[in-house]
2 protein chains.
Amino acid sequence: MSIKIGILGYGNLGRGVECAVKQNEDMELAAVFTRRDPETVQILTEGVPVCRIADAAEWKDKIDVMILCGGSATDLPVQTPEFAKMFNVIDSFDTHARIPEHFANVDAAAKEGGKVGIISVGWDPGMFSLNRLYANAILPDGKDYTFWGKGVSQGHSDAIRRVEGVRDAKQYTIPVESALEAVRNGENPELTTREKHTRECFVVLEEGADAAKVEEEIKSMPNYFSDYDTTVHFISEEELKRDHSGIPHGGFVLRSGKTGWDGENSHLIEYSLKLDSNPEFTSSVLAAYARAAYRLSQEGASGCRTVFDIAPAYLSAKSGAELRKTML
Amino acid sequence: MSIKIGILGYGNLGRGVECAVKQNEDMELAAVFTRRDPETVQILTEGVPVCRIADAAEWKDKIDVMILCGGSATDLPVQTPEFAKMFNVIDSFDTHARIPEHFANVDAAAKEGGKVGIISVGWDPGMFSLNRLYANAILPDGKDYTFWGKGVSQGHSDAIRRVEGVRDAKQYTIPVESALEAVRNGENPELTTREKHTRECFVVLEEGADAAKVEEEIKSMPNYFSDYDTTVHFISEEELKRDHSGIPHGGFVLRSGKTGWDGENSHLIEYSLKLDSNPEFTSSVLAAYARAAYRLSQEGASGCRTVFDIAPAYLSAKSGAELRKTML
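Residues numbered from 1 in each chain as written. Chains lettered and ligands numbered in written order. Predicted model: local features only at pLDDT ≥ 70, side-chain atom pairs only at ≥ 80, totals over all residues. Heavy atoms only, no water.

Now, about the pattern of salt bridges: what can you tell me, with residues and values included?
One pass over the full model with this rule turns up 34 salt bridges over all chains. A salt bridge links Asp243 of chain A to Arg242 of chain A; the nearest nitrogen and oxygen atoms lie 2.8 Å apart. Arg242 of chain A sits in the exposed class, given a relative accessible area of 61%. Arg255 of chain B is the partner of Asp144 of chain B in a salt bridge, and the nearest nitrogen-oxygen pair spans 3.1 Å. (Salt bridge = Lys/Arg side-chain N within 4 Å of Asp/Glu carboxyl O. Buried < 20%, exposed > 50% of the residue type's maximum accessible area, 1.4 Å probe, protein only.)

Following this line, the structure appears as structure tokens:
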């Protein structure tokens with residue numbers, strides 16, 4: 001008996017979940033839900049229906065876990081509580097500041113429906129958060145560092161595209177190697193925003209646009225670029241397509257801390273990700289937590305959880321005995 | 001109300017737990033138990049009694065969690081089940097092959113006593129195991145690698161000390177940098193024992209011993225050295241004491257895996273530790289899991305657990321709401 005997965009929202013993330021379900025032998029894709037006309041949506045898995053989101057309620061008893069693949073800005077704050085009344089749900093809500101509010105909404109809805117909701121699943125929030133928690137619990141006397149990249153920031157790429165004279169753009173966030181090394185050497189540096197990351201932009205101009213003006217406008221953009229050392233490269237549309245169509249990302253979570261009666265010994269815990277495809281990796285984490293939601297629900301649990309609340313064994317298809325024998 | 005910790009066994013690990021308890025504000029040390037004459041044991045914490053192991057039963061209601069700091073070869077297989085009948089217990093049992101048997105024994109004893117036992121806590125088994133599990137659950141189509149070091153192997157140092165003509169010795173296990181790089185580059189190499197680690201030995205000879213003979217005997221020692229590229233340095237007792245009295249260790253857990261409809265995207269998950277003091281880091285992990293054992297017990301749980309079975313939030317002194325707000 002495999003776990004029946006529903007995918008709600010079929011963009012990069014939804015397609016990633018579809019691929020992840022294929023890789024997990026104890027899961028099967030039951031249906032994909034879209035707000036587009038289902039006739040226009042072509043999915044990868046043969047024989048699986050594409051349905052309207054409006055018809056999702058009819059699938060209440062045919063789906064074990066619904067994975068919500070919408071955006072954090074406007075989709076998930078509404079969808080996750082709404083669907084948690086009918087389904088076990090997983091989302092990748094990543095607006096850090098609004099997590100407490102989202103948690104409360106999903107918790108109330110999931111309890112009302114007797115379902116399990118796991119929110120903010122992915123790598124940050126997600127695996128990075130877990131590593132911050134474990135490292136802090138082990139080394140109470142220490143200092144945390146998170147670096148992102150090298151990777152594409154969708155938000156920053158979008159910001160560049162809004163500049164007049166820009167046809168298309170891709171922005172990479174890059175950790176500063178010397179800052180990373182200082183942390184690894186146990187120097188416990190105090191790092192400014194500028195000292196932690198640089199930003200590299202690849203920009204395709206509209207015909208006749210003023211390159212110098214565009215570059216200046218990008219580099220001085222508050223919040224997005226003005227606090228960083230930013231490099232702007234102007235390239236052709238063909239080059240952008242050829243060299244920058246991937247969605248790589250990654251990053252580093254480090255904690256350096258002291259132990260001993262007088263803090264005489266230093267330790268470094270480092271977790272890092274190097275991802276060819278940001279959405280596909282996030283989707284793979286979503287799929288693993290879908291397994292956990294299914295099991296918790298089978299045990300009679302209800303309400304909202306985060307990665308902090310899920311015992312690791314729930315993520316694996318292996319039994320406890322198998323895990324102890326092969327992975328401990 | 002702080003968590004009352006007992007330490008059973010006062011060697012490097014026990015002293016490390018004592019230091020860790022000092023760093024955790026929600027814990028206090030209740031007593032140290034030793035098989036030596038308590039009069040001869042001087043601990044670091046003022047005002048805390050040192051008692052005989054034989055008298056531990058008298059502390060049944062005065063200790064929330066007993067942390068067992070004995071060895072895996074002969075102490076823990078007997079002590080953990082014995083004390084799990086009376087106390088919530090934590091151990092660092094690290095004989096991987098015997099974990100299933102140890103788990104069963106501790107589970108039966110802990111259930112009999114209505115207590116919680118968490119076994120095989122530390123970094124390997126422990127944090128490394130957790131990272132293997134998480135990475136496998138996220139990337140089902142992938143390959144695992146574990147490298148140890150640079151660090152002191154007690155077992156290998158002891159093996160050298162048993163060679164005739166050796167007065168004292170210290171052995172370092174060192175990961176092969178080029179092998180690590182091949183894994184990081186996503187080459188998915190098949191690595192032999194020799195290709196993964198080298199061994200470096202610092203040896204103090206007895207007067208008149210034959211250095212060439214000692215070196216040959218070390219390098220050809222089956223299981224310990226014959227499958228590795230081993231370097232032997234002969235140094236003075238003073239040099240050994242001055243340069244090699246620390247107990248550093250660490251290592252790397254990596255999983256490289258593929259996602260996408262046809263496995264077209266590669267990902268690398270890497271977790272690493274760089275530890276000045278192996279026993280103090282292990283002790284710090286033990287202390288964090290003692291908090292989990294205490295809480296589980298307060299919730300009415302009993303029986304044996306491993307790190308796989310403990311939701312991460314149980315390790316932190318912060319509340320769920322605080323964790324979601326500050327670390328997610």
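After that view, the rundown keeps rolling.
Pulling in residues and values, what's your account of helix 3 (residues 99-113) of chain A?
Across its 15 residues, helix 3 of chain A extends 21 Å between first and last C-alpha, which sits within 8% of the 21 Å expected from 1.5 Å per residue. When helix 3 of chain A is considered as a whole, its buried residues turn out to be Ile99, His102, Phe103, Val106, Asp107, Ala109 and Ala110 of chain A. Here the buried face of helix 3 of chain A lies against helix 2 (75-84), strand 6 (116-118) and strand 14 (303-305) of chain A together with helix 11 (320-326) of chain B. Just downstream of helix 3 of chain A, Gly114 of chain A is the residue with a positive phi angle, here 65°. (Helix = DSSP H or I, 4+ residues; strand = E, 2+ residues; numbered from the N terminus. Expected span 1.5 Å × (residues − 1). Contact = heavy atoms within 4.5 Å.)

Explain the interface of chain B and chain A residue by residue, including any values.
Facing the 68 residues of chain B at the interface are 68 residues of chain A. Carbon and sulfur atoms supply 63% of the area buried between chain B and chain A, which totals about 6,100 Å² over both sides. Taken as a group, Trp261, Arg324 and Leu328 of chain B account for 15% of the area that chain B buries against chain A, more than any other trio of residues on that side. The tally of links from chain B across to chain A stands at zero salt bridges. Here chain B and chain A share 27 residue pairs in polar contact (both at pLDDT 80 or more) between them. Contributing elements (two or more residues each) for the side of chain B that touches chain A: helix 1 (12-23), helix 3 (99-113), helix 4 (127-138), strand 12 (249-259), strand 13 (265-275), helix 10 (278-298) and helix 11 of chain B. Looking at the side of chain B that touches chain A element by element, the count peaks at eleven residues for strand 13 of chain B. Of the residues in the side of chain B that touches chain A, the class split is 34 nonpolar, 18 polar and 16 charged. With nine bridges joining them, strand 13 (residues 265-275) of chain A and strand 13 of chain B adopt antiparallel strand pairing. (Buried area = accessible area lost by both parts, 1.4 Å probe. Polar contact = N/O pair within 3.5 Å; in protein donor to acceptor, adjacent residues only side chain to side chain. Nonpolar A, V, L, I, M, F, W, Y, C, P; charged D, E, K, R; others polar. Pairing = 2+ DSSP bridges.)

Describe the relation of the copies chain B and chain A, naming the residues involved and giving the relevant values.
Mapping chain B onto chain A calls for a screw motion: a turn of 180° about the axis and a shift of 0.0 Å along it, with 0.0 Å RMSD after fitting. The transformation just described matches what one would write down for a two-fold rotation axis. Looking at the rotation axis and the C-alpha trace of chain B, the residue lying nearest is Ala311 of chain B, at 1.9 Å. When the interface residues of chain B are mapped onto chain A, 100% of them again lie at the interface, so the same face is used by both copies. (Least-squares fit on C-alpha atoms with pLDDT ≥ 70 in both.)

Could you give an account of the confidence of the model for chain A, naming the residues involved and the relevant values?
When pLDDT is averaged along chain A, the result is 97; 100% of the residues meet or exceed 70. We note a pTM of 0.97 for the whole complex and an ipTM of 0.97 for its interfaces. (pLDDT = per-residue confidence, 0-100.)

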